[in-house]
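# Structural characterization, general
So you can see what is in the structure, the chains are spelled out below.
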Amino acid sequence: MIPVNEPVLGKREKELLATCIDTGWISSEGPFVKQFEEEMAHRVGRKYGVAVCNGTAALDVSVAAFDIGKGDEVIMPSFTIISCAAAIIRTGASPVLVDCDPHTWNMDVTQIEAKITSKTKAIMVVHIYGLPVDMELLLSLAEKHGLMIIEDAAEMLGQTYKGRACGSFGDISAFSFYPNKHVTTGEGGMILTDDDILAKRCRSLRNLCFQPEKRFVHEELGWNFRMTNMQAALGIAQLERLDECVAKKRRMGQRYTELLSDLEALELPVAKTEYADNIYWVYGIVLRDEFSLNAKEVMQRMNQNGVGTRPFFWPMHKQPVFQKMGLFKGESYPEAERIARRGFYIPSGLALTDQQMERVANVLHEIIK
Ligand SMILES: *Cc1c(COP(=O)(O)O)cnc(C)c1O
């Protein structure tokens, strides 16, 4: 079986993990946490890093750090992971959706302005699969209407938009270090910001809102979302190899495109736009409408042939959990619906070999033909 993802862990990870064990520093109080926060902030060109236990927690803390709540609206893409909408809903605010661009699969920024109301407080930007969101119009809208930007850069560590690092655009930006991300700590996440007040609020929210003077007296409710020193040890080692990993992802993406471009039934990822080269966080494929099988059937056949796949995200406006809450009634986002129904991604992990990629391509050829 070729797994959909397999991370690469090396000697350096072992060495730094051993340091945790040798020194006894295993909790969030250990020195690697602060070091990892500083190195991430430096890498993305931000002032502050706040490490947390996963990317979803990074989003929860990011949204909670703003003064957003009941009656407020946050604009976000329908085509994304549930963590984004959940973070907004948990503050009492309402997510307001836009559809995605049919080619890049990212939020269609031309749909944002029509969704801005007097209640809109922020835009949540989510970079999806390999290309960044087209930021220029979005930034000017945010500026014009005084909206905060929450940037979910979980899939885009190492990617740039017109040469500027993804994760450097948000008033707050969130990252994940799940094993399929470019840097992994097993589970882990990070918040980056240049704003010292927001950074302080995030640190407090991550740590139960303990107070420095009266530790067990709480003015606000927080979470225990702390990252351990062992996770940070892995993160530091992984971050040292980020450039190598990004280069490998790009080579893999280009190779898949070479191997699959003769299959007309497949819409393959866009290699580049005027603002970025695809980083191929995952290699997504959308079955064209003319092709008779749907994504589920193709994925099943690939699985029978020993190739792991994952479906695309399921749009937020189609989520039963949100429909039960009465959200997004009667709304339709046809591009998100189309790619959710017709899209899936193939093995894209850093441990993938050339031979495995060729096998994946052969299996796809067999099924499509
Ligand atoms: C992975 C991911 C997350 C969630 O991160 P976890 O660490 O799995 O909680 C959030 N947003 C996007 C876009 C992601 O890809």
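What this report covers is the structure whose coordinates are included nearby. (Residues numbered from 1 in each chain as written. Predicted model: local features only at pLDDT ≥ 70, side-chain atom pairs only at ≥ 80, totals over all residues. Heavy atoms only, no water.)

### Here we look at the site of the ligand
The local shell around the ligand consists of Asn 54, Gly 55, Thr 56, Leu 59, Ile 81, Val 126, Asp 152, Ala 154, Glu 155, Ser 176, Lys 181 and Gly 188. Side-chain polar atom of Thr 56 to an oxygen atom of the ligand: 2.6 Å apart, as the coordinates give it. Measuring from an oxygen atom of the ligand, one finds a side-chain N or O atom of Lys 181 at 3.1 Å. Calculation on the ligand without its partners gives an accessible area of 390 Å², and the protein chains cover 91% of this total. Examining the composition of the shell around the ligand, we find that 3 residues originate from one element, helix H3 (residues 55-65), more than from any other. (Near = heavy atom within 4 Å. Polar contact = N/O pair within 3.5 Å; in protein donor to acceptor, adjacent residues only side chain to side chain. Areas by Shrake-Rupley, 256 points an atom, 1.4 Å probe, with all protein chains shown as cover. Helix = DSSP H or I, 4+ residues; strand = E, 2+ residues; numbered from the N terminus.)

### So, helix H5 (residues 135-145)
Listed in full, the buried residues belonging to H5 are Met 135, Leu 138, Leu 141 and Ala 142. With its buried residues spanning 130° around the axis, H5 presents them on a single face. For H5, the exposed residues set more than 90 degrees away from the buried face come down to Glu 143 and Lys 144. In this structure, the buried residues of H5 make contact with strand S4 (120-126), strand S5 (148-152) and strand S6 (160-161). (Buried < 20%, exposed > 50% of the residue type's maximum accessible area, 1.4 Å probe, protein only. Arc of directions from axis to C-beta. Contact = heavy atoms within 4.5 Å.)

### Remarks on the side chain of Arg 206
As for its placement among the helices and strands, Arg 206 is situated in helix H6 (residues 196-206). Among the polar contacts made by the side chain of Arg 206, one reaches the main-chain carbonyl oxygen of Ala 51 at a distance of 2.8 Å. Excluding residues that lie within four positions of it along the chain, Arg 206 makes contacts with Glu 37, Val 50, Ala 51, Val 52, Trp 223, Asn 224, Phe 225 and Arg 226.

### Brief notes about the packing of aromatic side chains
What describes a pair of aromatic rings is the distance from one ring centre to the other and the angle between the planes of the rings. Enumeration over the complete set of coordinates arrives at 18 aromatic pairs. For the ring pair Trp 223 and Phe 225, a centre distance of 4.9 Å and an interplane angle of 10° mean the geometry is stacked. Owing to a relative accessible area of 14%, Phe 225 belongs among the buried residues under this scheme. One aromatic cluster is present, formed by Phe 79, Trp 105, Tyr 129, Trp 281, Phe 312, Phe 313 and Tyr 345 through successive ring pairs. For the cation-ring pair, Arg 164 lies above Phe 169, with the distance from its terminal atom to the ring centre recorded as 4.0 Å. Positioned above the aromatic ring of Phe 210 is the side chain of Arg 215, whose terminal nitrogen or guanidinium carbon lies 3.9 Å from the ring centre. (Phe/Tyr/Trp six-rings, centres within 6.5 Å; stacked < 30°, edge-to-face > 60°. Lys NZ or Arg CZ within 6 Å of the ring centre and 35° of its normal.)

### Describing the pattern of salt bridges
Per the counting criterion, the structure on display carries 19 salt bridges. Of the charged contacts, one joins Glu 38 and Lys 34 as a salt bridge, the two residues approaching to 3.2 Å between their closest N and O atoms. Placement of both Glu 38 and Lys 34 in helix H2 (residues 31-44) is noted, with a separation of 4 residues, approximately one turn of the helix. By relative accessible area, Glu 38 is classed as partly exposed at 47%. With a shortest N-O distance of 2.9 Å, Glu 113 and Lys 144 are connected by a salt bridge. With Glu 113 in the loop between strand S3 (94-98) and S4 and Lys 144 in helix H5, this pair connects stretches of sequence that are 31 residues apart. For Lys 144, a relative accessible area of 58% corresponds to the exposed category. Through salt bridges with shared partners, a single network forms among Arg 12, Glu 15 and Glu 240. (Salt bridge = Lys/Arg side-chain N within 4 Å of Asp/Glu carboxyl O.)

### Re the sheet that holds strand S13 (residues 343-346)
Sheet architecture is open: 4 strands sit in the order S10-S11-S13-S12, paired in antiparallel fashion. The sheet terminates laterally at strand S10 (266-267) and strand S12 (310-311), the two strands that pair on one side only. Bridge count between S12 and S13: 2 bridges; the pairing is antiparallel. Following the sheet pairing, Pro 311 is matched in S13 by Phe 344. Strand contacts of helix H12 (residues 354-368): S10, strand S11 (283-287) and S13, with the helix running at about 145° to S13, the strand carrying the most contacts. (Pairing = 2+ DSSP bridges. Axes fitted to C-alpha atoms, helices over the stretch in contact; angles between N-to-C directions.)

### Topic: the packing of H2 against helix H7 (residues 229-240)
Between H2 and H7, whose axes approach to 8 Å, the crossing angle comes to 35°. In this structure, H2 crosses over H7, and the sense of that crossing is left-handed. Facing H2, whose interface residues are Pro 31, Phe 32, Val 33, Gln 35, Phe 36, Glu 39, Met 40 and Arg 43, H7 presents Asn 229, Ala 232, Ala 233, Gly 235, Ile 236 and Leu 239. (Left-handed = near helix turned anticlockwise from the far one by under 90°.)

### Description of the nonpolar core
Formed by 51 residues in total, the largest nonpolar core has its most connected members in Met 76, Phe 79, Met 124, Tyr 129, Ile 191 and Phe 312. Where this core is concerned, the elements lending two or more residues are strand S1 (48-52), H3, strand S2 (73-77), helix H4 (82-90), S4, strand S8 (172-176), H6 and helix H11 (334-342). By residue number, the principal contributor to this core is H3, which donates 7 residues. With near-sequence residues (within four places) excluded, Met 124 lies in contact with Leu 59, Val 63, Val 74, Ile 75, Met 76, Pro 77, Cys 84, Ile 88, Met 107 and Ile 150. Ile 2, Tyr 283, Val 307 and Leu 364 belong to the second-largest nonpolar core, a separate cluster that totals 30 residues. (Core = buried A, V, L, I, M, F, W, Y, C linked by side-chain atoms within 4.5 Å.)

### Comments concerning the environment of Val 125
Inspection of the secondary structure assignment puts Val 125 in strand S4. Distance from Val 125 to Val 109, taken between C-alpha atoms, is 9.6 Å for residues 16 residues apart in sequence. Val 125 has contacts with Met 107, Val 133, Met 135, Leu 138, Ile 149, Ile 150, Glu 151 and Asp 152, leaving out every residue within four places of it along the chain.

### Some remarks on the environment of Lys 14
With respect to the helices and strands, the residue Lys 14 is situated in helix H1 (residues 11-23). Accessibility expressed as a relative area gives 66% for Lys 14, which makes it exposed. A C-alpha to C-alpha distance of 8.1 Å links Lys 14 and Leu 234, two positions 220 residues apart in sequence.

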